[in-house]
Each structure stands twice: as C-alpha cells, then as structure tokens.
Amino acid sequence: MNTADHHGTAQPGREAGGEDGFREAITATDGIDTTGPAADQGGDDPTTSPDRGEMELAERHALRRVQGLSTELTDVTEVEYRKLRLERVVLIGVWTNGTQADADNSLTELAALAETAGALVLEGLTQRRSKPDPATYVGKGKAAELSEIVMATGADTVICDGELTPGQLRQLEDVVKVKVVDRTALILDIFAQHARSSEGKAQVELAQLSYLLPRLRGWGDSLSRQAGGSGGGGAGGGVGLRGPGETKIETDRRRINDKMAKLRRQLAHMRTARDVKRDVRRTRAVPSVAIAGYTNAGKSSLLNRLTGAGVLVENALFATLDPTVRQARTPDGRAFTLSDTVGFVRHLPHQLVEAFRSTLEEVADSDLILHVVDGSHPDPESQIRAVHEVFADIEATDVPELVVVNKVDAADPDLLKVLRTRYPDVVEVSARTGEGVADLVAALAGALPELAHEVHALVPYSRGDLVAKVHEEGRILSEEHTGDGTAIHAFVPELLASRLEEYVLSTA
C-alpha cells in the first residue's frame, strides 16, 4: 500500500545530467549548516567518496527491520545484523467528509507512514460517519469487524487515521485485544527514529511527552498511594507524614512535567544560538529563502540540486528533520541562503508544531518561500492546502511564495494543467533529471528582494578590500578600472554603503 513515488528523487550526493550548465547559473559557497559540514567524507576522489547524506542513509538502513525475521533466533549467524521483526498492522480510518477518493488517499498516506515507521501493513478499511464515535472511534459493529480482521491476519497493532482520546484508545484496545496507535503517535515515532541533531532529538522528545502526559494510565499498584515513614506505628507513618500520599501516576505526571520544563530550557538556549546566526545574516542583508512543502515532495533533493549540499535523501516520509542552511549566488552575483525545513503533512500534530516552532521560524522569517509540491501525487492540491494550514499556524502567510512543482518527469499532464491554471507563476522542475532548474533559478532571482542602496563609487586601488566586499555582498551592475581607481556601479547593503560613502560619486 506504499504509494511513495520512486520518480523525481535524486540520489544523495549524486546529480543528474546538465550539472555543468546549471552551475554556471548558480554557485554554492560555504554556508551555515546546523547539522555539521557537508564536505565529502574521506577518500581522495570527491566524485566517488560518500557524502554526509549517503553515510547517514547507510547507517539508517543498517538496522532496518526486515519482514518475517523475529528476534528469537536459534542461530544468530543466519543474519549479518540482529534486526527486529516487522510489526504487523491493520489500518482503520473514519471518513467524515469529502469523496471516497479523499478517504482512499488519506488511508494510503497512513500506510506509507506505517511502512516508514517499520511496520508491515496487512489490511486497511474505512468507515463513513458524520463524526468519529466518542467511545471507540469507530462504531460498535465496525470495531467487532476490525477485531475479526486482526484475528484472521495475525496483526499485533491497529493504527487509526486520526488522533484518539485516551478513552477511545483504551476502549478500542479492549475490543480488538491488541495495541492501538493513532496517527499522531505514529508520526512522533517516525520523528524519533529520524532525529539526528541534539536540537531535533530534544524537540521530538518534548512533543512525545506533550502527547503522553494526558494519556498516562494507572493499573493495579500504579493507583496505590505511597505510604509515609514507618515511625509511630501508624498507617500514616508519623508526625508530618500522615495522609493519603501520592499515587504512582501522579508521580509520573510530575516527572514528565519536570522533564518538559528542562527540555524547554534547553531549546530556548539552542534558539538563542539560531537567532544569533540569523541576525548575522540580517546584518549582512543576505536574503533568506526557505524550502518548504509536503513531506517527500523532494525538498532535500532540490537543495542538493541547487547547492550540492549532500544532505540525506530517501524515498520515505519525514526522511530529514534537521534544518540545513546553505549559501548560494544568483547568476547576477547576489548572495542568498537556502534553508531546507522539516516536511509537513495533513493534520500535523500540534505538539510537533509547538516543539519545532524555533525551527519553523526559518520559514516565517524568510524573505521568500520555495513551496515544493509533489507533482506525481494524485492530489497535489490537497497537499498545498495542508502546507498553507501550517503556514497559518506559524504566521508565515505574509511571506512571498514561489510554488515549485517537483517530479514533473513522473507527473500526470492533466494535473499539471490544473496547477498551471490555479497558480499561474508555478515553476515545473525535476530534481532528479535537472529539467526546469534553470527556469527555477531565474524565477528565484527575480523574486528575491533587491538590495537597498545603489551606489556609483570610485574606489582607490589601495582599498581593494572594499571592492572585494562589493563582489561578495553586493550586486555589481558595472565595473571599470580607471587611472584613479575602480569605478563601480552596484547595489549594496546599508552597512557596506556607509563604508563606501567617502568614495561615492553619485547615488540613485
């Protein structure tokens, strides 16, 4: 049931044909990477040595679960790695509005999420209701049918396409007699597997604890109360220690709240470091471009294509979580930064939005959003709507947006026509083949904000450092070497304009 498309995705660290012509249009320079340098790892030949993304992908696949292999091995030499048995899951969804095709697409996406998490999908079913059942999420009859399917298939987990209340989880488990997981818990599990940086791990843990806190349960001794000391011979334990005591579940809640407070303090410190880096770029007046969009739309592939960043690329949902920032230049020499952000999905858990808010601020604070859309998806417009909902949550609706349809080599021509009609300025590309990338570079250069100050200056040859700064930070319209110095006509940031003020001939 996995519908993740194998077309239009670039292999990590490998670029398709047409790269030489593309590099003439846009050049990558040393940028700021929040997850570490993207230089080639080892080896003398950079064309054959693996980059960081390839190594991370190999590490992730080294312990990938495999079908039909249990951990109860009689001879561990049968396999190279001691891998976990795939969980066998059955999917269930409640269809409250929209068409049957919408319900099927939602359940297909849930199957892709389950397989990304390492599960084996056995069966999937939907139910049409005006609203989910308050007791068991599905009706009584559907719950009984689900229980029969679980028994017939030998499934050990049921995954629901929605966020269930603690009561619904408990009562549905009582009926099907196996573990029940909702969509939110499934997405959190994927995030926990794919988080790499310390900031990403802290964000995921905070989101998981926020989800877990209202769902704590108490069974048997967990509901008993702690007794006081044994002094005094009484049940209360002596002076100052008498009373009902604290239950185990109350202790767990207190510890979770303490841990969440600690994680928020850690993330606040990390946010300060991120803000400092962002302020440095603002001081230099370097425009920032955020690559955002639905998960598995090809954002990381596009970043690799544009800058050669070498970040991990995998045909899976939420393959990369940690943001990567690279610096590049337009064909006319203007510097800007490209930021790869976490992918979005329908009904993105609010716990994740809150926990990843500091990371998502890269989108809200950017000068331009490259909204990457999966052109091979059967319903790309629903993905666009889901991304716009997240933009509204992070207050990024006012940021200029450039819609980029990726994977056009595998897209339905009729769907592309619909997108062209709905979004007249759409740019069609393929990160795998390089098709349309030159058009994207031109559209990106045209959408970037212009530098604030235009200067005509005659810089003496003794101030070659200023000329180099203009080349680095500004956009040169004309340059001429005269007997008195270098005559430059350029757009430059405010700070550099003040340093050139004594050499200015005229300003426009």
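Provided above is the structure to which this section pertains.
Keep in mind the model is a prediction, meaning the values are calculated, not measured. Residue numbers run consecutively from 1 along every chain, following the written order of its sequence. Given that the model is predicted, a residue must reach a pLDDT of at least 70 before its local features are reported, and side-chain atom pairs must reach 80 or more before they are shown or counted; all residues, however, enter totals for whole chains, interfaces and linings. Note that water and hydrogens are dropped before the side-chain values are worked out from all heavy atoms of the structure.

## Some points on the packing of helix 6 (residues 183-194) against helix 7 (residues 198-212)
Convention followed: In this description, a line fitted to the C-alpha atoms serves as the axis of each element, helices being fitted only across the stretch in contact, and the angle between N-to-C directions of two axes falls anywhere from 0 to 180 degrees. Working definition: helices are DSSP H or I runs of at least four residues, strands are E runs of at least two. Numbering for both runs from the N terminus. Roughly parallel means an angle under 35 degrees; roughly antiparallel, over 145; roughly perpendicular, 65 to 115; everything else is oblique. The handedness criterion is simple: a crossing whose near helix is rotated anticlockwise from the far helix by less than a right angle is left-handed, and one whose near helix is rotated clockwise is right-handed. By definition, residues are in contact when any of their heavy atoms lie within 4.5 Å. Ten residue types, Ala, Val, Leu, Ile, Met, Phe, Trp, Tyr, Cys and Pro, are classed as nonpolar, four, Asp, Glu, Lys and Arg, as charged, and the remainder, Gly among them, as polar.
For the pair helix 6 and helix 7, the least separation of the axes is 10 Å and the interaxial angle reads 155°. Compared by their axis directions, helix 6 and helix 7 come out roughly antiparallel. The handedness of the crossing between helix 6 and helix 7 is left-handed. Mapping the contact onto sequence places T184, A185, L188, F191 and A192 in helix 6 and V204, A207, Q208 and Y211 in helix 7. Class assignment of the residues belonging to the contact of helix 6 with helix 7 gives a composition of seven nonpolar, two polar and no charged.

## Things to note about the pattern of salt bridges
What counts here: Any Lys or Arg side-chain nitrogen located within 4 Å of an Asp or Glu carboxyl oxygen qualifies as a salt bridge. Burial classes follow relative accessibility: with a 1.4 Å probe on protein chains only, a residue under 20% of its type's maximum area counts as buried, one over 50% as exposed, and anything between as partly exposed.
Here the structure, examined in full by the defined rule, presents 14 salt bridges. Residue K179 is joined to E87 by a salt bridge in which the shortest nitrogen-to-oxygen separation is 3.2 Å. Here E87 lies in strand 2 (residues 87-95) and K179 lies in strand 5 (residues 179-182), a separation of 92 residues in the sequence. On the basis of relative accessibility, which here comes to 25%, the residue E87 falls in the partly exposed class. Salt bridges here are not isolated pairs; linked through shared partners, they connect E109, D161, R183 and R346.

## So, the nonpolar core
Under the convention used in this document: Residues grouped as a nonpolar core are buried Ala, Val, Leu, Ile, Met, Phe, Trp, Tyr and Cys residues, joined through side-chain atoms within 4.5 Å.
Core analysis: the biggest nonpolar cluster contains 74 residues, and V158, L172, F318, F344 and F391 have the highest contact counts within it. Residue contacts for F391: discarding those within four places in its chain leaves A292, F344, V363, I369, H371, A396, T397 and E401. Counting 22 residues, the second-largest nonpolar core is a separate cluster that includes A328, V429, V441 and L444.

## Things to note about the pairing of strand 14 (residues 486-492)
Which entries qualify depends on this criterion: When DSSP locates at least two bridges between a pair of strands, those strands are taken to pair.
Counting buried residues along strand 14, six of its seven residues qualify, which places the element largely inside the surrounding structure. Two elements, strand 12 (residues 453-459) and strand 14, share seven bridges in a ladder whose sense is antiparallel. Each bridged residue has a counterpart across the sheet, and for H456 the counterpart in strand 14 is H489. As defined by bridge partners, strand 13 (residues 475-481) adjoins strand 14 across six bridges and the pair is classed as antiparallel. The partner of H481 across the bridge, within strand 14, is T486.

## Structural notes on the packing of aromatic side chains
What counts is decided by this rule: Any Phe, Tyr or Trp ring, taking Trp's six-membered ring, that has another such ring centre within 6.5 Å forms a pair; planes under 30 degrees apart are called stacked, those over 60 apart edge-to-face, and the others tilted. In our convention, an over-ring charge means Lys NZ or Arg CZ found within 6 Å of a ring centre and within 35 degrees of that ring's normal.
On inspection of all chains with the given rule, the structure shows one aromatic pair. R128 extends its terminal NZ or CZ atom over the ring of W95, reaching a point 4.3 Å from the ring centre.

## Notes on unusual backbone geometry
For H347, which is not glycine, the phi dihedral falls at a positive 50°. Mapping H347 onto the fold places it in the loop between strand 8 (335-340) and helix 10 (350-355). Classification of H347 as exposed rests on a relative accessible area of 64%.

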